[in-house]
Amino acid sequence: MSRELFLGGTLVNDESDCYVIAEIGNNHQGDVEIAKQMVLEAKNCGASAVKFQKRDNKSFLTRQAFDAPYANENSYGATYGEHREFLELDTPELAEVQTYCNEIGITMFSTAFDLNSVDVLEELDIPFYKVASGDLRNTVLLEKIAKTGKPVLVSTGGGTMADVSRAYETIAAHHDQIALLQCTAAYPVLNYSEMNLAVITTYREHFPNTVIGLSDHENGTAMCLAAYMLGARIVEKHFTLNRAWKGTDHSFSLTPRGLAQVVKYLHRIKLALGDGVKIPTRSEESPIYKMSKSIVAARDLAAGEALTQADIAFKCPGNGLPPYEAAGLIGKILTADLAEDQLISREVLKSPEETE
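Definitions and cut-offs
- Residues numbered from 1 in each chain as written.
- Predicted model: local features only at pLDDT ≥ 70, side-chain atom pairs only at ≥ 80, totals over all residues.
- Heavy atoms only, no water.
- Helix = DSSP H or I, 4+ residues; strand = E, 2+ residues; numbered from the N terminus.
- Buried < 20%, exposed > 50% of the residue type's maximum accessible area, 1.4 Å probe, protein only.
- Contact = heavy atoms within 4.5 Å.
- Areas by Shrake-Rupley, 256 points an atom, 1.4 Å probe, with all protein chains shown as cover.
- Lys, Arg positive; Asp, Glu negative; His and termini not counted.
- Charge placed at Lys NZ, Arg CZ, Asp CG, Glu CD.
- Core = buried A, V, L, I, M, F, W, Y, C linked by side-chain atoms within 4.5 Å.
- Salt bridge = Lys/Arg side-chain N within 4 Å of Asp/Glu carboxyl O.
- Axes fitted to C-alpha atoms, helices over the stretch in contact; angles between N-to-C directions.
- Parallel < 35°, antiparallel > 145°, perpendicular 65-115°, else oblique.
- Left-handed = near helix turned anticlockwise from the far one by under 90°.
- Phe/Tyr/Trp six-rings, centres within 6.5 Å; stacked < 30°, edge-to-face > 60°.
- Lys NZ or Arg CZ within 6 Å of the ring centre and 35° of its normal.
- Pairing = 2+ DSSP bridges.

If you look the protein chain up in an unreviewed UniProt entry, it shows as N-acetylneuraminate synthase from Pseudodesulfovibrio alkaliphilus.

Undergrad: Before we move on, can you summarise the overall build of the protein chain with the specific residues and values?
TA: Counting its secondary structure elements, the protein chain contains 13 helices and 14 strands. With the C-alpha coordinates aligned to their principal axes, the bounding extent of the protein chain is approximately 105 × 45 × 40 Å. Looking at the protein chain as a whole, 47% of its 356 residues are labelled buried. In the protein chain, the proportion of contacts linking residues at least 24 apart, taken out of those at least 6 apart, comes to 64%. As displayed, the protein chain offers around 17000 Å² of accessible surface, 52% of which is attributable to carbon and sulfur atoms. Averaged over its 33 positive side-chain charges, the protein chain has a centre that lies 2 Å from the centre of its 48 negative ones.

Undergrad: Please provide a residue-by-residue account of the environment of L121, values included.
TA: With respect to the element layout, L121 can be found in helix α6 (residues 115-124). Relative accessible area serves as the criterion here: at 0%, L121 is assigned to the buried category. Among all residues touching L121, those that are not within four sequence positions of it are K54, S110, T111, A112, I126 and Y129.

Undergrad: Explain the nonpolar core to me, using residue names and the numbers behind them.
TA: In this structure, V39, V50, F52, V97, L180 and L259 are the most contacted members of the largest nonpolar core, which totals 63 residues. Excluding anything up to four places from it in sequence, L259 contacts V20, A22, A42, C45, A47, F239 and L254.

Undergrad: Help me get a handle on the pattern of salt bridges, residues and values and all.
TA: Summed over the entire model, instances satisfying the criterion amount to 18 salt bridges. Across the salt bridge formed by E23 and K51, the nearest N and O atoms sit 2.4 Å from each other. Linking E23 in strand β3 (residues 19-25) with K51 in strand β4 (residues 49-54), this pair joins segments that are 28 residues apart in sequence. In terms of burial, E23 and K51 fall into one category: buried. Put simply, D163 and R166 hold a salt bridge, and the shortest N to O gap is 2.9 Å. Here D163 pairs with R166, and both are found in helix α8 (residues 161-172), just three residues apart, close to one helical turn. On the accessibility criterion, D163 (6% relative accessible area) is buried.

Undergrad: Lay out unusual backbone geometry in plain terms, naming residues and giving numbers.
TA: In this chain, Y187 is followed by P188 through a cis amide linkage whose omega measures 5°. One can find P188 in the loop between β8 (178-183) and α9 (199-206). Despite not being glycine, N196 shows a phi value in the positive range, around 50°. The topology assignment puts N196 in the loop between β8 and α9. With relative accessibility at 42%, the residue N196 sits in the partly exposed group. Although it is not a glycine, D341 adopts a positive phi angle of roughly 75°. With respect to the helices and strands, the residue D341 is situated in the loop between β13 (333-334) and β14 (349-350).

Undergrad: I'd like a description of the packing of helix α5 (residues 91-104) against α6, backed by residues and values.
TA: Where α5 meets α6, the closest approach of the two axes is 10 Å, and the angle between their N-to-C directions is 40°. Between α5 and α6, the crossing angle belongs to the class labelled oblique. For the pair α5 and α6, the sense of crossing is right-handed. Taking contact as the criterion, the partners of T91, L94, A95 and Q98 in α5 are, on α6, V120, E123 and L124.

Undergrad: Kindly report on the packing of aromatic side chains, identifying the contributing residues and their values.
TA: Scanning the model with the defined rule gives eight aromatic pairs in all. Both rings, one in F60 and one in F113, keep their centres 5.7 Å apart while their planes meet at 85°; by these two values the pair is edge-to-face. Taken as a pair, F60 in helix α2 (residues 57-60) and F113 in the loop between β5 (107-112) and α6 lie far apart in primary sequence, 53 residues in all. Owing to a relative accessible area of 29%, F60 belongs among the partly exposed residues under this scheme. Here the aromatic residues Y19, F109 and F128 are joined through ring pairs into a cluster of three or more. Between the NZ or CZ atom of K36 and the centre of the ring of Y100, over which it lies, the distance is 5.8 Å. Sitting over the face of the ring of Y76, K246 holds its NZ or CZ atom 4.4 Å from the ring centroid.

Undergrad: Quick rundown of the sheet that holds strand β9 (residues 211-216)? Include the residues and the values.
TA: The parallel closed barrel is built from eight strands, whose spatial order is β3-β4-β5-β6-β7-β8-β9-β10. This sheet shows a mean twist of 25° between the axes of neighbouring strands, independent of strand direction. When strand β6 (residues 129-131) meets strand β7 (residues 152-155), the two strands line up parallel, connected through three bridges. Bridging from a neighbouring strand, K130 pairs with L153 of β7. Set on the sheet, α8 makes contact with β7 and β8; between it and β8 the angle comes to about 160°.

Undergrad: How would you explain the environment of L136 if you had to name every residue and give the values?
TA: Mapped onto the elements of the fold, L136 is located in the loop between β6 and α7 (139-146). On a C-alpha basis, the gap between L136 and I200 in space is 17 Å, while along the polypeptide they are 64 residues apart. Residues contacting L136, with those up to four places away along its chain left out, are L142, V154, S155, T156, G159, D163, V164 and A167.

Right, dumping it as structure tokens:
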């Protein structure tokens with residue numbers, strides 16, 4: 001079995017470009033038009049997909065959590081429940097965004113945060129699902145999503161290897177279209193040692209037939225590039241149009257300029273990795289010719305002389321015998337006169353035995 005995954009018709013495997021997800025989440029501020037503007041910007045940046053979030057807040061939160069006061073600079077309501085409700089796109093609104101995504105040609109999918117939201121997203125027939133780190137241990141939700149038969153991307157922030165394996169096996173009981181994303185569930189990650197990108201290697205070894213990725217909460221672009229080098233083939237970055245907007249995620253989200261850079265650099269890394277075969281490239285021919293040394297006469301030399309080390313020099317360009325052949329020329333007899341700096345070739349040399 002090969003390590004591959006089909007996401008919205010796109011094949012993701014070790015040989016593919018990185019699948020770049022623009023995590024819009026709730027950064028649309030609860031506004032459909034802002035959501036569509038963000039989708040367009042993500043498309044223009046070259047993102048592979050845009051990701052939204054779906055919650056049924058009344059079933060997602062306890063009554064106490066829903067009614068908890070939420071008075072802060074990022075709040076859109078007097079309680080946490082009111083805040084979440086303000087930011088939630090309902091089914092018709094998500095359908096409107098999905099239609100727009102289809103029109104401009106970018107894949108839209110979503111995180112399902114609860115069982116009811118799976119039903120909503122199935123009604124929309126999204127092509128695949130995301131499971132948030134907070135639901136890594138939620139085997140009930142994992143199983144319901146797995147039973148849809150659609151690919152599942154699982155963020156693994158805050159988990160142990162046992163948690164990851166349990167989640168994987170829950171989904172794998174139904175199908176093998178699974179991706180595991182290393183994630184540090186901090187918003188943002190401030191301590192780089194907590195990113196533990198080496199887990200990507202651990203996952204690749206422990207799950208040899210599974211595509212591995214990174215859900216990246218770093219306030220920058222460098223770590224997702226490192227993740228690709230380690231074998232991650234899916235990268236998810238939070239996305240915004242303005243990092244100063246009201247909300248908890250905007251400050252560490254990428255703007256269009258940053259997202260476009262990530263896409264560009266990830267594509268360049270894939271090209272730059274090459275095939276591992278060490279051979280000269282066409283672009284190297286002229287510089288190497290100019291910089292390489294050839295074996296030349298260190299002074300005017302007469303026919304019949306036996307070459308000594310003092311008779312040869314190494315000078316550019318590299319259009320003659322290379323220096324590594326110099327030792328084999330010592331003691332050979334010249335059959336023609338050579339001027340200083342003239343190339344010494346095998347055609348003007350004979351061994352002493354040949355001249356007897």
